[in-house]
Amino acid sequence: MNPWRTNGREETLRVWLLVGSVIVASCAWHVFPASAEEPAGDRVVTDSTKKDCRYEGIGQKNGGSSALELFPENDVFRPLWADLKQPQFFASWQATRIRSSPREYLNLGTVGFGDNFGLIGKRNGCDGWQVGILAGLFAQFDLDGASKDLINADYVVGIPISWRSGLFSARVRFFHQSSHLGDEFLQARPGFNNIGLSYEALEAILSLDAPGGWGRMYAGGATAVHIEPSTIDPSSVHWGVELRGRTIAAPLLAKVIPSTRFTPIFGADFQAYEALNWTINSSIMGGVEWSKAGSDRRFRFLINYYHGFAPWGQFFLTKIEMVGFGLYLSF
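I will try to describe carefully the structure that is included in this document. (Residues numbered from 1 in each chain as written. Predicted model: local features only at pLDDT ≥ 70, side-chain atom pairs only at ≥ 80, totals over all residues. Heavy atoms only, no water.)

**Re the layout of surface pockets**
Working step 1: What the largest pocket holds in volume is close to 390 Å³.
Working step 2: Lining the largest pocket are 25 residues, and of these Arg-54, Asn-74, Asp-115, Asn-116 and Phe-331 lie nearest its centre.
Working step 3: At the level of elements, strand E3 (105-124) and strand E14 (319-330) are the ones that each hand at least two residues to the lining of the largest pocket.
Working step 4: Looking at the lining of the largest pocket element by element, the count peaks at five residues for E3.
Working step 5: Tallied by class, residues from the lining of the largest pocket come to 10 nonpolar, eight polar and seven charged. (1 Å grid on protein atoms, 1.4 Å probe; cavity = no way out; pocket = protein on both sides within 12 Å on 5 of 7 lines; lining within 4 Å. Points joined across faces, edges and corners; volume = space filled by probe spheres on them. Helix = DSSP H or I, 4+ residues; strand = E, 2+ residues; numbered from the N terminus. Nonpolar A, V, L, I, M, F, W, Y, C, P; charged D, E, K, R; others polar.)

**Description of empty space enclosed by the protein**
Working step 1: Applying the stated criterion to the full structure yields three cavities of 30 Å³ or more.
Working step 2: When its volume is computed, the largest cavity comes out at roughly 680 Å³.
Working step 3: Residue lining of the largest cavity: 37 residues in total, with Gln-177, Tyr-199, Ser-236, Gln-271 and Tyr-273 positioned closest to the centre.
Working step 4: Those elements that provide at least two residues to the lining of the largest cavity are strand E6 (168-181), strand E7 (198-209), strand E8 (215-228), strand E9 (235-244), strand E11 (260-273), strand E12 (280-292) and strand E13 (298-309).
Working step 5: Class assignment for the residues of the lining of the largest cavity results in 21 nonpolar, 10 polar and six charged.
Working step 6: For the second largest cavity, the calculated volume is near 180 Å³.
Working step 7: Around the second largest cavity sit 19 residues that line it, and Leu-84, Phe-90, Ser-92, Thr-110 and Trp-312 are the ones nearest its centre.
Working step 8: The dominant element in the lining of the second largest cavity, judged by the number of residues it contributes, is strand E2 (residues 89-98), at three residues.

**Quick word on the pattern of salt bridges**
It is possible for side chains bearing opposite charge to pair when their charged atoms get close.
Working step 1: Applying the stated rule across the entire model yields 14 salt bridges.
Working step 2: Ionic pairing is found between Glu-56 and Arg-261, a salt bridge with its closest N-O pair at 3.5 Å. Within this pair, whereas Glu-56 is found in the loop between helix H1 (10-31) and strand E1 (68-70), its partner Arg-261 is found in strand E11, the two being separated by 205 residues in sequence. Each member of the pair, Glu-56 as well as Arg-261, carries the same accessibility label: buried.
Working step 3: The shortest N-O distance in the salt bridge between Glu-242 and Arg-216 comes to 3.4 Å. One end of the pair, Glu-242, is in strand E9; the other, Arg-216, is in strand E8, with 26 residues separating them in the sequence.
Working step 4: A single network of salt bridges, built from pairs that share partners, joins Asp-52, Arg-54, Glu-56, Arg-244, Arg-261, Glu-289, Arg-298 and Arg-300. (Salt bridge = Lys/Arg side-chain N within 4 Å of Asp/Glu carboxyl O. Buried < 20%, exposed > 50% of the residue type's maximum accessible area, 1.4 Å probe, protein only.)

**A few points about the nonpolar core**
Working step 1: Grouped together as the largest cluster of nonpolar side chains are 20 residues, with contacts concentrated most on Trp-81, Leu-197, Tyr-199, Ile-227 and Leu-302.
Working step 2: The residues contacting Ile-227, other than those within four sequence positions of it, are Leu-197, Ser-198, Tyr-199 and Ile-232. (Core = buried A, V, L, I, M, F, W, Y, C linked by side-chain atoms within 4.5 Å. Contact = heavy atoms within 4.5 Å.)

**Notes on the state of the cysteines**
Working step 1: Evaluation of the coordinates by the stated rule reveals one disulfide.
Working step 2: Between the sulfur of Cys-53 and that of Cys-126 lies a disulfide, 2.0 Å long from S to S. Here the S-S torsion is close to -80°, and the disulfide linking Cys-53 with Cys-126 is therefore left-handed. Residue Cys-53 is found in the loop between H1 and E1, and its partner Cys-126 is found in the loop between E3 and strand E4 (127-142); the two are separated by 73 residues along the sequence.
Working step 3: With a relative accessible area of 3%, Cys-126 lands in the buried category. (Disulfide = S-S within 2.5 Å.)

**Points about the side chain of Gln-177**
Working step 1: Among the structural elements, Gln-177 can be located in strand E6.
Working step 2: At 3.5 Å, the side chain of Gln-177 forms a polar contact with the side chain of Ser-179.
Working step 3: Aside from chain neighbours lying at most four places away, what touches Gln-177 is Lys-85, Asp-154, Tyr-155, Val-156, Leu-197, Ser-198, Tyr-199 and Gly-313. (Polar contact = N/O pair within 3.5 Å; in protein donor to acceptor, adjacent residues only side chain to side chain.)

Put into structure tokens, the structure is as follows:
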């Protein structure tokens, strides 16, 4: 039984696809000539020398060795924010087309909760290593339903180990994911085949930043060491690119809060799975980021486009296309 409902909004989705493509292309154009986080000057007002090593201070050292640190702030590896399974806090709306049938559409609400928390590390400036713990929840809701039913929820927990030396950084993580269908969804579809996807996987990603941090490329892969159902092939590859525009004093807002900054950003994340015949799943995002000098917190408004198999566990065999927008928080 197909879980998605037919509502015939093909023309509406086409308009959103066109608008989203134009805005994402515009964001990409803005970020190319930029440097990521400018020092204090006439374009950026700063009130602190504190560095967020995920975005600033790349390649900088203190001049001496550092002691072991408990609960280090932020991370030496920049999070893959265009990855739909990156643990982070967000809420988004997605106009979704089920590609297996050209007339099946639905409006989805997607939310995520989670982060990487550093347990112990050692740094010289922003070079060094860190061991932490990650946890995340990713859920989807049927906005066309009378009670906005929960469709699916993916739970992720694991241990990430990150490292940086100059422009090179890496992340290795061992994690568990389990996927569960919503109760209301199952009650409305008693004959639905529940896959019950669950696995433990080992993943490694290597990243190369551009000088100044205005861009990066990354690539890696993962293999499941245990997976249910056991008939699913375990291997996958993962790569992508991110661009960050010139950071300036935020228009209008900086007049009220002088340290507020504004950065255009663009990211493209690609993944391919052996179980899906190495079909490329593409996630493209572009938008703006607000931050405050000396703070780890960042607020993003992003427009996205996705094409590939559904990134949610219970529906990983379903081909979809999505365009939408969301609000993302980083701590």
